[in-house]
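Chain by chain, the residues run as shown.
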Amino acid sequence: MRAAIMREQRIVVDDMAQPIPSEGEVLVKTLACGICGSDLHALKHGHELVQTSQETGGSFSMDLAKDVVLGHEFCAEILDHGPSTAKKLKPGTRVCSYPATYHHGQPSAIGFSNTVPGGFAQNMLLTESLLLEVPNGLPFTHAALTEPMAVGLHAVRMARLDRTEIPMVIGCGPVGLAVISALKLAGV
């Protein structure tokens with residue numbers, strides 16, 4: 001399959017092996033994938049991210065000497081089910097997911113892994129139990145915004161603001177805009 005691969009602090013388009021779903025996973029086709037600031041940060045500062053994670057006991061452990069396929073803000077279509085899946089969602093169903101999987105018994109961050117490609121690949125693996133079906137009629141390009149919009153909504157909920165408080169959003173990238181949208185929804 002084709003993928004935009006992070007290799008030696010560059011993005012190159014190349015062929016790679018098709019992922020095979022392990023227990024509880026589904027194989028999906030990427031329909032849309034956003035470019036997150038985290039992707040750009042990993043591209044430019046990946047060595048520092050890995051080193052800091054190792055020094056602090058974190059779980060960020062991708063090997064930058066090997067290929068990494070970034071992309072965790074996505075919408076995808078189910079192609080096939082792996083072993084031990086419930087198959088509640090049929091092939092052809094459009095889905096979003098929490099950007100992590102449990103691949104071959106190991107937790108893995110989608111898009112920040114040497115073993116689990118992210119949404120900058122034609123296909124990727126998702127954990128079936130973490131799938132969220134895209135409502136009928138929602139364009140897949142909009143559905144790919146689920147992850148950054150959820151980050152903004154979570155931030156507003158954690159702030160527990162009341163209508164008398166005046167929030168300040170510094171930076172109006174995708175997450176900043178998501179925070180502003182969530183503030184508006186909350187009436188703040």
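Located above this text is the structure these notes cover.
Peer 1: Explain the layout of surface pockets here, please?
Peer 2: The method is simple in principle: a probe with the dimensions of a water molecule rolls over the atoms, and the space it marks as empty is what remains. Its boundaries defined by the atoms lining it, the largest pocket holds a volume of some 340 Å³. Considering the residues around the largest pocket, the lining is formed by 15 residues, among which Ser59, Ser61, Pro107, Ser108 and Ala109 are closest to the centre. With 4 residues, strand S7 (residues 106-109) is the single largest residue contributor to the lining of the largest pocket. Estimates place the volume of the second largest pocket at around 290 Å³. As for the second largest pocket, its lining consists of His72, Cys96, Ser97, Tyr98, Pro99, Leu130, Leu132, Thr146, Glu147, Ala150, Val151 and His154. Elements with a minimum of two residues in the lining of the second largest pocket: strand S5 (94-97) and helix H3 (146-159). Ranked by residues supplied to the lining of the second largest pocket, first place goes to H3 with 5 residues. Tallied by class, residues from the lining of the second largest pocket come to 7 nonpolar, 4 polar and 1 charged.

Peer 1: Would you mind going over unusual backbone geometry with me for this structure?
Peer 2: Trans peptide bonds make up the majority, and among non-glycine residues the majority have a negative phi. Phi at glutamine 9 is positive, roughly 60°, even though this residue is not glycine. In this structure glutamine 9 comes out as partly exposed when scored by relative accessible area, which is 45%. If you check the backbone angles, arginine 160 has positive phi at about 50° while not being a glycine. By secondary structure assignment, the location of arginine 160 is in the loop between H3 and helix H4 (174-186).

Peer 1: Would you explain helix H1 (residues 37-56) in this entry?
Peer 2: Because each turn of an α-helix spans 3.6 residues, side chains separated by three or four positions in sequence point in the same direction. Here H1 contains 20 residues, and its C-alpha end-to-end distance of 22 Å is more than 12% below the 28 Å for a straight helix at 1.5 Å per residue. Bending of H1 peaks at approximately 95° at the position of histidine 45. Taken as a whole, H1 has its buried residues at Asp39, Ala42, Leu43, Gly46, Val50 and Ser53. Each element contacted by the buried residues of H1 is listed here: strand S1 (2-7), strand S2 (10-15) and strand S3 (25-34). Glycine 57 sits one or two positions beyond H1 and adopts a positive phi of about 75°.

Peer 1: Just checking my understanding: could you explain the nonpolar core for this structure?
Peer 2: The nonpolar side chains of a soluble globular protein tend to be buried with one another. Of all hydrophobic cores here, the largest spans 17 residues; its most connected members are Met6, Met62, Val69 and Leu70. Secondary-structure elements contributing two or more residues to this core are S1 and H1. The contact partners of valine 69, leaving out residues within four places of it in the chain, are Ala3, Ala4, Ile5, Met16, Gly111, Ser113, Pro117, Gly118, Phe120 and Ala121. In this structure, Val26, Val95, Ile110 and Val116 belong to the second largest nonpolar core, which totals 12 residues.

Scoring rules and cut-offs
- Residues numbered from 1 in each chain as written.
- Predicted model: local features only at pLDDT ≥ 70, side-chain atom pairs only at ≥ 80, totals over all residues.
- Heavy atoms only, no water.
- 1 Å grid on protein atoms, 1.4 Å probe; cavity = no way out; pocket = protein on both sides within 12 Å on 5 of 7 lines; lining within 4 Å.
- Points joined across faces, edges and corners; volume = space filled by probe spheres on them.
- Helix = DSSP H or I, 4+ residues; strand = E, 2+ residues; numbered from the N terminus.
- Nonpolar A, V, L, I, M, F, W, Y, C, P; charged D, E, K, R; others polar.
- Buried < 20%, exposed > 50% of the residue type's maximum accessible area, 1.4 Å probe, protein only.
- Expected span 1.5 Å × (residues − 1).
- Bend = angle between axes of the 7 residues up to and from the residue.
- Contact = heavy atoms within 4.5 Å.
- Core = buried A, V, L, I, M, F, W, Y, C linked by side-chain atoms within 4.5 Å.

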